[in-house]
Amino acid sequence: MHFFSQTFKYEHPWSHVVIGMWHKYPNPHCTHVVTVDVVDRSIDSKSGIIRTERVLGCKQKTPIWIVKLFGGSEDAFVREISFVDPASQVATITSVNLSLSQFATCFERIQYTPTSSGHTAFLQTAEIQARMAMWRSMADKFETWLVQRFEQNANLGKAGFTDVLRTMWEAKQQQAAHS
Amino acid sequence: MAHSLSPECTPLKHAYDSCFNTWFEGYLEPAVSPSSSEQRAQYSKKKADEFEERCGKVWVEYKQCVQKAVKDKGLGDLLDQARVENPLRDPPPAPSPGEVSSSSSSSQ
């Protein structure tokens, strides 16, 4: 598991940052994000919290060995869930990869909160984790196969050497008997 | 405005995004100003109804289009699985101070 975190301050009021959230893409700095779709949205009529679920489509240069090994493609999709709470003035954005998620997950969380100076604090954390169960079961299978191969080869080796010794010494014995 | 994952949904997506953005900008400023929870609930209800009234129709059309596109791209099962694993129906708790640092770290 790998962890990542960073903090930053935007010199804009919280409301401007939260309005800006919906205008982030397309962005010349983030050309890897090519599509953005809202797949679900709800406004809590009591708390006023807006929950939005989006699917982001990314194009990135995946190393060819990853594509070959995992059967992925250049298109990668991410599920993003955001909550905007105007009462507490907290906005959180959680993102998890959909593509290749059977092999590894990247769980990212971003939070925007107002600072006392009227600016906005940005906090980003991420956890990147390979699906260990998958690796372990694959490793177990590989190990079992190796053990079987080793036993097989060991048996073949034993049989082979037995033959060599028998042939060698039987021949010597025959020679001795004749002389 | 970013494109939809299916070009045929892009016009509907743009219409829906514009509708939401206009509504949201009007919603947010008064929503952050302090008020009692009663006033907040009243305001939230009014604005939620207003959003439904203004953007509800285009949302139904766009949602239909994008749901099909998600399935066509083979993302339906992945999305369902992700929703089971992390429903995220409620706002997550704030990260604990221990998690916060300004540098990146890695551990096994």
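Above this note sits the structure.
Structural notes, computed from the coordinates. (Residues numbered from 1 in each chain as written. Chains lettered and ligands numbered in written order. Predicted model: local features only at pLDDT ≥ 70, side-chain atom pairs only at ≥ 80, totals over all residues. Heavy atoms only, no water.)

Observations regarding the interface of chain A and chain B
So, point 1. Facing 54 residues of chain A, the contacting portion of chain B comprises 55 residues.
So, point 2. Summing the contributions of chain A and of chain B, the shared interface buries around 4,700 Å²; its carbon and sulfur component is 60%.
So, point 3. The interface formed by chain A and chain B contains two salt bridges.
So, point 4. The shortest N-O distance in the salt bridge between Arg-83 of chain B and Glu-53 of chain A comes to 2.9 Å. (Contact = heavy atoms within 4.5 Å. Buried area = accessible area lost by both parts, 1.4 Å probe. Salt bridge = Lys/Arg side-chain N within 4 Å of Asp/Glu carboxyl O.)

Thoughts on the packing of aromatic side chains
So, point 1. On inspection of all chains with the given rule, the structure shows 16 aromatic pairs over all chains.
So, point 2. Plain terms: the ring middles of Tyr-10 of chain A and Phe-122 of chain A are 5.8 Å apart, the flat faces sit at 80 degrees to each other, and that makes the pair edge-to-face. Here Tyr-10 of chain A, found in strand S1 (residues 2-10), pairs with Phe-122 of chain A, found in strand S7 (residues 120-130); they are 112 residues apart in sequence, far enough to count as distant.
So, point 3. These aromatic residues form a ring-pair network of at least three members: Trp-22 of chain A together with Tyr-16, Phe-20, Trp-23, Phe-24, Tyr-27, Tyr-43, Phe-51, Trp-59 and Tyr-62 of chain B.
So, point 4. Stacked on the ring of Trp-22 of chain A, the Lys or Arg Arg-41 of chain A has its end atom at 5.0 Å from the ring centre.
So, point 5. Across the ring face of Phe-20 of chain B, the terminal group of Arg-41 of chain A is positioned such that the distance to the ring centre comes to 3.4 Å. (Phe/Tyr/Trp six-rings, centres within 6.5 Å; stacked < 30°, edge-to-face > 60°. Helix = DSSP H or I, 4+ residues; strand = E, 2+ residues; numbered from the N terminus. Lys NZ or Arg CZ within 6 Å of the ring centre and 35° of its normal.)

Focus on the state of the cysteines
All names here are of chain B.
So, point 1. For the coordinates displayed, the defined rule picks out two disulfides over all chains.
So, point 2. Across the disulfide, Cys-9 is cross-linked to Cys-65 (sulfur-sulfur distance 2.1 Å). Around the S-S axis, the bridge from Cys-9 to Cys-65 shows a dihedral of about -90 degrees and counts as left-handed. Within this pair, whereas Cys-9 is found in the segment before helix H1 (10-32), its partner Cys-65 is found in helix H2 (residues 37-72), the two being separated by 56 residues in sequence.
So, point 3. Note on Cys-65: relative accessible area 14%, which makes it buried.
So, point 4. The disulfide partner of Cys-19 is Cys-55, and the S-S distance across this bridge is 2.0 Å. Sign of the S-S torsion, about -90 degrees for the bond between Cys-19 and Cys-55, identifies this disulfide as left-handed. (Disulfide = S-S within 2.5 Å. Buried < 20%, exposed > 50% of the residue type's maximum accessible area, 1.4 Å probe, protein only.)

Regarding the sheet that holds strand S5 (residues 90-97) of chain A
Residue and element names in this part refer to chain A.
So, point 1. Taken in spatial order, the seven strands make up an open sheet running S1-S7-S6-S5-S4-S3-S2, and their pairing is antiparallel. Bordering the open sheet on either side are S1 and strand S2 (33-43), each of which pairs with just one other strand. Here the strands of the sheet are splayed against their neighbours by 15 degrees on average, with no regard to which way each runs.
So, point 2. In terms of strand pairing, S1 meets S7 through nine bridges, oriented antiparallel. Opposite Phe-8, over in S7, you have Phe-122 as the bridge partner. (Pairing = 2+ DSSP bridges. Axes fitted to C-alpha atoms, helices over the stretch in contact; angles between N-to-C directions.)

Concerning unusual backbone geometry
So, point 1. With an omega of 0 degrees, the peptide bond running from Tyr-25 of chain A to Pro-26 of chain A counts as cis.
So, point 2. Relative to the elements of secondary structure, Pro-26 of chain A occurs in the loop between helix H1 (14-21) and S2.
So, point 3. Even without a glycine there, the phi angle at Leu-88 of chain B is positive, about 50 degrees.
So, point 4. For Leu-88 of chain B, the location among the structural elements is in the segment after helix H3 (76-85).
So, point 5. Classification of Leu-88 of chain B as buried rests on a relative accessible area of 13%.

Side note on the nonpolar core
So, point 1. Within the largest apolar cluster, 44 residues are counted, with the highest numbers of intra-cluster contacts made by Val-84 and Tyr-112 of chain A together with Phe-24 of chain B.
So, point 2. Among the elements that take part in this core, H2 of chain B stands out by supplying eleven residues, more than any other.
So, point 3. Non-local contacts of Phe-24 of chain B, meaning those with residues more than four positions away in its chain, are made with Val-18, Ile-19, Trp-22, Ile-50 and Val-84 of chain A.
So, point 4. If you look at the next biggest cluster of nonpolar residues, it comprises eight residues, including Tyr-25, Cys-58 and Val-78 of chain A together with Ala-2 of chain B. (Core = buried A, V, L, I, M, F, W, Y, C linked by side-chain atoms within 4.5 Å.)

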